[in-house]
Amino acid sequence: MSGPALGAIRPCLEGAIPAMMATCAADGTPNVAYISQVYYVDERHVALSFQFFNKTRQNILANPYASVLVLHPVTAEFFRLGIRYLRTETEGPLFEGMKAQLAGIASHSGMASVFRLRGSDVYEVEAIEALEGEPLPAPPARCGMLGVVRRCSERLSNCTALDELLNAALATLTDFMAVRHAMVLMLDPVTQRLYTVASCGYATSGVGSEIDMGDGVIGVAARERTPVRIMHVTSAYLYSRAVRSSLRADSPGLPLDVDIPYPGLSEPHSQLAVPIMSAGRLLGVLFVESPDDLQFSFEDEDVLVAVAGHLGAAIDLLQATSDVAEVALAVGPSAVSAPGIPLQLRRYNANDSVFINDTYLVKGVAGAIFWKLLTDYAQHGRTEFSNRELRLDPSIHLPDVTDNLEARLLLLQRRLVEHSLHIRIEKTGRGRFRLSVNRPVQLAEIPA
């Protein structure tokens, strides 16, 4: 390939300014049209959005060579790309990434109802030419991005518990990348939903709120196992939470106030979601957003991919070693009866949702864990527990692979902090914790 490297002109491929594409029909007739996306694939390939079966599309199928004119959004410098058509993809990570970005471009340009991606046309870049002109000064190069990865690596390598790990990852983004709104979601492999376990910058933590696979930028990143980045406001990837409706569907007798509000911005203009992977398995999603346009570049994406990779490996390592330091726990004397008005705790067997008085707390595996702790406390006075015994308890229904027990305990712990002044889960050592209860409890199970 001749001319500048494709990576050197990546700002031209962010979708901020439409590109122009010149094609030629089989009889030699030229055609020039605007195109919505020139999407960076790798150093030798780009993908163009296929939206309409128009003259450009007809020409490319007849003659695979084309020329594309792109403009740097800051310097106003033009570059001409000589490209050759290879194939069209209609599903998978590339297609979904372009679809998400196109939604942002379309909404930003007022064309959301017109733009619909039919395919991702992949081209080989054979030449890049910088056109003559007087461009504006280039912005200063961003420095220290590799340093951000290093600092995050150092912080994560010192963590010995999941809560420390997640706090360290979010703090790194806040301290060194000026990210103001971020969250970490973990995958429930049984329900195939993502649930929030940590967040920063929001009015409410949103811990326990859920996202379906394929729902919004987060759900698409999880489903396709690929980063998804949007640079402009979009109405095509909204977060209409379905926690309430899903609970009602499982058990029509549930009270109405069971929704955990999703903590995201009401009007995000920039969003970036990166899957958290380990050994080829999806563990969750690292997500950042901003109320401003053009906040997350491909460099930010690279950093978050590196952070998410380290985070995934660390989560797996913590889970593998969480039981190593456990010792046998003797059942102590019955807990002293706490004073005060009894807390009314209800468990709906249909989905293990648990309520404290009339306040919804948690459901699913986390709800089953909480109910096991409460039952042992109420019947035997137990307050000391271990991760290992939970893993061996069939009543909790942990999945055989990637049980994410630590994430579920963290979710339960943080929900209790937010919604109960009288029940706590306190870590007492690696793989061990204590249930602290300072009010009497009355347990009731609601059959399915």
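Keep in mind the model is a prediction, meaning the values are calculated, not measured. (Residues numbered from 1 in each chain as written. Predicted model: local features only at pLDDT ≥ 70, side-chain atom pairs only at ≥ 80, totals over all residues. Heavy atoms only, no water.)

(A) Molecular detail of the layout of surface pockets. Size it by volume and the largest pocket reaches roughly 720 Å³. Surrounding the largest pocket, 27 residues form its lining, R142, L294, S297, E299 and D300 being those nearest its centre. Elements with a minimum of two residues in the lining of the largest pocket: β13 (281-290) and α7 (298-321). Of all the elements, α7 adds the most residues to the lining of the largest pocket, at three residues. Split into classes, the residues belonging to the lining of the largest pocket amount to 16 nonpolar, five polar and six charged. (1 Å grid on protein atoms, 1.4 Å probe; cavity = no way out; pocket = protein on both sides within 12 Å on 5 of 7 lines; lining within 4 Å. Points joined across faces, edges and corners; volume = space filled by probe spheres on them. Helix = DSSP H or I, 4+ residues; strand = E, 2+ residues; numbered from the N terminus. Nonpolar A, V, L, I, M, F, W, Y, C, P; charged D, E, K, R; others polar.)

(B) Looking closely at the side chain of E301. Relative to the helices and strands, E301 is located in helix α7. Classification of E301 as buried rests on a relative accessible area of 18%. A distance of 2.9 Å separates the side chain of E301 from the side chain of R229, its partner in a polar contact. Dropping the residues within four chain positions of it, E301 is found in contact with P227, R229 and L272. (Buried < 20%, exposed > 50% of the residue type's maximum accessible area, 1.4 Å probe, protein only. Polar contact = N/O pair within 3.5 Å; in protein donor to acceptor, adjacent residues only side chain to side chain. Contact = heavy atoms within 4.5 Å.)

(C) Representation of the confidence of the model for the chain. Chain-level pLDDT for the chain is 84 on average; 86% of the residues reach the 70-or-more range. Confidence scores differ between elements of the chain, with helix α6 (residues 243-250) showing the lowest mean pLDDT of 41 and strand β6 (residues 78-89) the highest of 96. Per-residue pLDDT stays below 50 along residues 107-114; that stretch engages in twelve contacts with residues further than four places along the chain or on separate chains. Confidence drops under a pLDDT of 50 for residues 325-334, and excluding neighbours within four residues, the segment shows 18 contacts in the predicted structure. (pLDDT = per-residue confidence, 0-100.)

(D) A look at the nonpolar core. Ranked by size, the top nonpolar core spans 69 residues in total, and within it L165, L286, L345, I369, F370 and I423 carry the most contacts. By residue number, the principal contributor to this core is helix α8 (residues 364-380), which donates nine residues. Among all residues touching L286, those that are not within four sequence positions of it are L170, L173, M183, V184, L272, A273, V274, I276, L304, V307 and A308. Residues M21, I35, I83 and I128 belong to the second largest nonpolar core, which totals 22 residues. (Core = buried A, V, L, I, M, F, W, Y, C linked by side-chain atoms within 4.5 Å.)

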